Amino acid sequence: MLGRSKKTQNQILDAEARSAAQPEAPSQPARKLPEKKGVPTPTRRQQEAARKRPLVHNDRKAARAAQRKAVQDQRAKMRMAMETGDEKYLPARDRGPQKRFARDYVDARWGIGEWLLIVVLIFLFASFLMTEEARALVAFSLWALMIAVIIECWWVGRQVAKRIDAKFGRENRERGLRFYTAMRSLQMRRLRLPKPLVSRGQYPS
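Residues numbered from 1 in each chain as written. Predicted model: local features only at pLDDT ≥ 70, side-chain atom pairs only at ≥ 80, totals over all residues. Heavy atoms only, no water.

## Section: the packing of helix α4 (residues 97–108) against helix α7 (residues 177–185)
At step 1: Viewed as axis vectors pointing N to C, α4 and α7 meet at an angle of 35°, and their least axial separation amounts to 10 Å. Between α4 and α7 lies a crossing whose hand is right-handed. The segment α4 lies against α7, with Gln98, Lys99, Ala102, Arg103, Val106 and Asp107 engaging Leu177, Tyr180, Thr181, Arg184 and Ser185. (Axes fitted to C-alpha atoms, helices over the stretch in contact; angles between N-to-C directions. Helix = DSSP H or I, 4+ residues; strand = E, 2+ residues; numbered from the N terminus. Left-handed = near helix turned anticlockwise from the far one by under 90°. Contact = heavy atoms within 4.5 Å.)

## Points about the pattern of salt bridges
At step 1: By the definition in use, this model includes 11 salt bridges.
At step 2: For Arg93, the salt bridge is made with Asp94, and the minimal N-O distance between the two is 3.5 Å.
At step 3: In this structure, a network of salt bridges that share partners links the residues Asp107, Arg184 and Arg192. (Salt bridge = Lys/Arg side-chain N within 4 Å of Asp/Glu carboxyl O.)

## Considerations on the environment of Gln74
At step 1: Looking at where Gln74 falls in the secondary structure, it is placed in helix α3 (residues 60–84).
At step 2: By relative accessible area, which is 14% here, Gln74 ends up buried.
At step 3: Separated by 15 residues in sequence, Gln74 and Tyr89 have C-alpha atoms that sit 8.0 Å apart. (Buried < 20%, exposed > 50% of the residue type's maximum accessible area, 1.4 Å probe, protein only.)

## What about the side chain of Gln98?
At step 1: Turning to its location among the elements, Gln98 is positioned in helix α4.
At step 2: At 2.8 Å, the side chain of Gln98 forms a polar contact with the backbone oxygen of Asn172.
At step 3: Not counting residues up to four positions away in its chain, the partners in contact with Gln98 are Ile164, Phe168, Asn172, Arg173, Glu174 and Leu177. (Polar contact = N/O pair within 3.5 Å; in protein donor to acceptor, adjacent residues only side chain to side chain.)

## Considerations on the packing of aromatic side chains
At step 1: Summed over the entire model, instances satisfying the criterion amount to one aromatic pair.
At step 2: On the basis of an interplanar angle of 55° and a centroid distance of 5.3 Å, the ring pair of Tyr105 and Tyr203 is categorised as tilted. Taken together, the positions of Tyr105 in helix α4 and Tyr203 in the segment after α7 put the pair 98 residues apart, joining distant regions of the chain.
At step 3: Judged by its relative accessible area of 43%, Tyr203 is partly exposed.
At step 4: Positioned above the aromatic ring of Tyr180 is the side chain of Lys99, whose terminal nitrogen or guanidinium carbon lies 4.9 Å from the ring centre. (Phe/Tyr/Trp six-rings, centres within 6.5 Å; stacked < 30°, edge-to-face > 60°. Lys NZ or Arg CZ within 6 Å of the ring centre and 35° of its normal.)

## Remarks on the environment of Cys153
At step 1: If you trace the backbone, Cys153 turns up in helix α6 (residues 132–168).
At step 2: Residue Cys153 is classed as buried on the basis of its relative accessible area of 12%.
At step 3: The spatial distance from the C-alpha of Cys153 to the C-alpha of Phe179 is 8.6 Å, given a sequence separation of 26 residues.
At step 4: Setting aside anything within four residues of it in sequence, one finds Cys153 in contact with Ala182, Ser185 and Leu186.

Remember, this is a structural readout, not a statement about activity or role.
In C-alpha cells form, the structure reads like this:
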C-alpha cells in the first residue's frame, strides 16, 4: 500500500515535470531586424526556406538529452517544493491558498485516521498469535475503527469547507476540496506530501 502510494506520487511528479519542461511556442513572430547595407536582398525561395527551419535541434540525440535534463531539473524543483511548500513549483493539485489552508488545518490536528494503517498492520502480525475468539473480537474492533475514521474524514472535510467559505467565499471554493482534505487526514503525518509546515495545534486563521 505504501509502495503504491509512492509510485503514484512519482508518476504525478514526472507528469508535472514533463509538462513544465515543454518549450512554449512563441506567441508572436520575432521582430525583424533591419537588413545590413550592402547585403543583397534574399530571394523569396530563401525566405521560405528560412521559415521552414525546424524548431527543434537537428541532432535528435542532443534534443532528447536536453529535454531529459529539463525534466530532471523540474522534477528536482518539485521535490524541493514538497519539502519547503514553495507554491511556484508545487504540482497543480497541491497549488493555491485553499489547498494550503486545508493542509495546514489537517496537519494542526490529532486524528485517528492517520493511525489506521499502523493499527491494521499490528493486527495482521498479531493475528497469528491470537485465538479464534480474540481474532474475532479484534476484527470487530477494526470495523468499528474504520467506521469512526469515515465519520472523521467527513467531519474534517466539512469543517475545512466551512472555514474556506468564510475566508474565501462559498462561490470561490475549489471543487474536490473536501476529498483532498479527507485523503490527507488518512495519511501518516511523516509521510504526507507536501510536508507539514505547521505544528500540532497551530490552526490557520
